Each structure stands twice: as C-alpha cells, then as structure tokens.
Amino acid sequence: DLGASMVGITISASRGGTIAYRAGSGSTQKQFVWYDRAGNVLAKVGEAARTNLGQPSLSPDGSRVALYRSADGNPDIWIVDTTRGTFSRFTSDPADDVFPLWSPDGTRIVFSSNRKGRHDLYVKSADGGTEQPFLSIGAPILATDWSRDGRFVLFNRHDPKQGVDIWALELDGQKAMPIVQTPFDEQYAQFSPDAHWIAYQSNDSGQWEVYVQP
C-alpha cells in the first residue's frame, strides 16, 4: 500500500516552461488552469468538478495532461486535452491505477497499479492499445521521472522495514538499481535536464526537505 505517500505530487512542468497543477483540496471543486511566470491566469482547462484530479503529468508538447481520477470510487488514469478541455479515460481496470508518467517522446505512459496485489509499473501507448507490464521487483513502486535521453526511469520503492528509497531502471538492460537508500524516507526524485543530478525529498533531518545529489 502506497498510503499517504501518494498524496502531494500535484504539479508538472513541460520543457517549454508551462506548468500544470492541481489547486484546492478536500471537497472543493478542482480545475486545471494555465498560468504565466508572473502568476497571471491565461486560460482554464475543462470544467470545474468535485472529483479527484491527482498527480498530473504534462505531456512533453504540453497538449495533454495525464492524471488519476476517481470514477465511482475507482482511481484510473485519464487524459485531458489542454486545448479542448475534454477528459478521456485511459485505463479502466478495477484496481487502483495511479501516478502516470509520460515518456520523453510523448508516445507512452507509465503508471502504477495494484492489480496483482501490490503497486507494480505498467506501460501503455499514449494513443491507446494494450497495457503491458513494465517493472515488478517484489515491492510497491511508482515512477517519478524519465530522463530526457530515454535511458532511465526513477521510481519510489516502498519497503515496510526500510521505508521509501529511490531506485532507477536502466531501460537498455532492464536493470533496476538503488540510487538513494538510507534508514530514512527518500522519494519523488526528479532528473536535472542533463540527467547528471537528481532532486528529491527526504525526512533525514526530521522534517521533509529537498536534497540534490549527483
């Protein structure tokens, strides 16, 4: 169970500098809004609704947002067209499908699902098709970033004894390896544009803070 660690990732930025984020919490209405860097509202996307719009991931070209949305109590991945404001369902499995992540070329979406009892990673073409297993390592995992060169995927690995650690999947050899592994919780790692650094949050100091390391 990913538990409370699934809460909090509600923002995503495209390469062009535009940002998609979720505003509000609880039972308030939620809606995606475009802002410029000065904080001015540029446009609203879709209709405001009293539903979960969580963990948005903006496509590399900024035309679509993948997110999880609960329909009839079942979290699934949905895609929002940022021009038309329309929502389309991307997954429909009875399990929880959460934490979508776009590939750097915008052709695929990786997401986490507990359809086999724990959260493993699955991948599906952004234009539809059949979902395929992407990674399973015997512990709950969720993807947090994909390097721009397409070689590595960062992910959280949840262990009931060790807590949350940061791992990476090298796609060329399908090799998963720990990147940050301590007695504390480290999670939600993001690559720098050149993939030489990662930024992540950790409670090493007793409170959540952001760390950067090669």
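The coordinates are above.
So, a few notes on the structure that sits alongside this text. (Residues numbered from 1 in each chain as written. Predicted model: local features only at pLDDT ≥ 70, side-chain atom pairs only at ≥ 80, totals over all residues. Heavy atoms only, no water.)

### Focus on unusual backbone geometry
Glycine aside, residues mostly have negative phi, and peptide bonds are mostly found in the trans state. Even without a glycine there, the phi angle at Gln 55 is positive, about 55 degrees. Within the fold, Gln 55 resides in strand β5 (residues 54-58). We note that Tyr 188 has phi near 60 degrees; this positive angle belongs to a residue other than glycine. Relative to the assigned elements, Tyr 188 resides in strand β17 (residues 186-191). (Helix = DSSP H or I, 4+ residues; strand = E, 2+ residues; numbered from the N terminus.)

### Brief notes about the sheet that holds strand β14 (residues 152-159)
In spatial order, the strands read β13-β14-β15-β16; together these four strands make up an open sheet with antiparallel pairing. Each end of this open sheet is capped by a strand with a single partner; those strands are β13 (141-146) and β16 (175-180). Within the sheet, the average angular offset between the axes of one strand and its neighbour, ignoring direction, is 35 degrees. In this structure, β14 lies alongside strand β15 (residues 163-170), joined through eight bridges in antiparallel fashion. Across the sheet, residue Asp 159 finds its bridge partner in β15, namely Gly 163. (Pairing = 2+ DSSP bridges. Axes fitted to C-alpha atoms, helices over the stretch in contact; angles between N-to-C directions.)

### As for the pattern of salt bridges
Between side chains of opposite charge, a pair can form as their charged atoms come close. The full count for this structure, using the stated rule, is nine salt bridges. The salt bridge partner of Asp 97 is Arg 115, with a shortest N-O separation of 2.9 Å. Highlighted residues: Asp 97 in strand β9 (residues 97-102) and Arg 115 in the loop between β10 (108-113) and β11 (120-125), separated in sequence by 18 residues. Classification of Arg 115 by relative accessible area gives partly exposed; the value is 24%. (Salt bridge = Lys/Arg side-chain N within 4 Å of Asp/Glu carboxyl O. Buried < 20%, exposed > 50% of the residue type's maximum accessible area, 1.4 Å probe, protein only.)

### Here we look at the packing of aromatic side chains
Evaluation of the coordinates by the stated rule reveals five aromatic pairs. When the ring of Phe 134 is compared with that of Trp 146, the centres are 6.0 Å apart and the planes differ by 50 degrees; the resulting orientation is tilted. Residue Phe 134 is located in strand β12 (residues 132-135), and its partner Trp 146 is located in strand β13; the two are separated by twelve residues in the primary sequence. With respect to class, Phe 134 is no different from Trp 146; both count as buried. Between Tyr 200 and Tyr 211, the ring centres sit 5.9 Å apart and the planes meet at 15 degrees, which makes this aromatic pair stacked. Taken together, the residues Tyr 200 in strand β18 (residues 198-202) and Tyr 211 in strand β19 (residues 209-213) connect sequence positions eleven residues apart. For Tyr 211, a relative accessible area of 25% corresponds to the partly exposed category. (Phe/Tyr/Trp six-rings, centres within 6.5 Å; stacked < 30°, edge-to-face > 60°.)

### So, the sheet that holds β12
In space, the four strands of this open sheet follow the order β9-β10-β11-β12, with antiparallel pairing throughout. On the outer flanks of this sheet lie β9 and β12, each paired with one strand and no other. In this sheet, neighbouring strand axes are inclined to one another by 35 degrees on average, regardless of whether the strands run parallel or antiparallel. As judged from the three bridges shared by β11 and β12, these two strands associate in the antiparallel manner. Paired with Leu 121 across the strands is Leu 135, a residue of β12.

### Comments concerning the pairing of β10
Burial analysis of β10 places five of its six residues in the buried class, which makes it a mostly covered element. Both β9 and β10 contribute to a ladder of four bridges, which runs antiparallel. Within β10, the residue paired with Asp 97 across the bridge is Ser 113. Where β9 folds back onto β10 in an antiparallel hairpin, the turn is made up of five residues, including Gly 106, whose phi is positive at roughly 75 degrees. Summarising the sheet, β10 and β11 pair through six bridges and their orientation is antiparallel. Paired with Ser 112 across the strands is Leu 121, a residue of β11.

### Digging into a nonpolar patch on the surface
Taken together, Trp 197, Val 210 and Val 212 make up a surface patch of nonpolar side chains, about 330 Å² in accessible area. Examined against the element boundaries, Trp 197 turns out to sit in the loop between β17 and β18. (Patch = residues over 30% accessible without salt bridge, like charges linked within 9 Å, V, L, I, M, F, W, Y side chains within 5 Å. Areas by Shrake-Rupley, 256 points an atom, 1.4 Å probe, with all protein chains shown as cover.)

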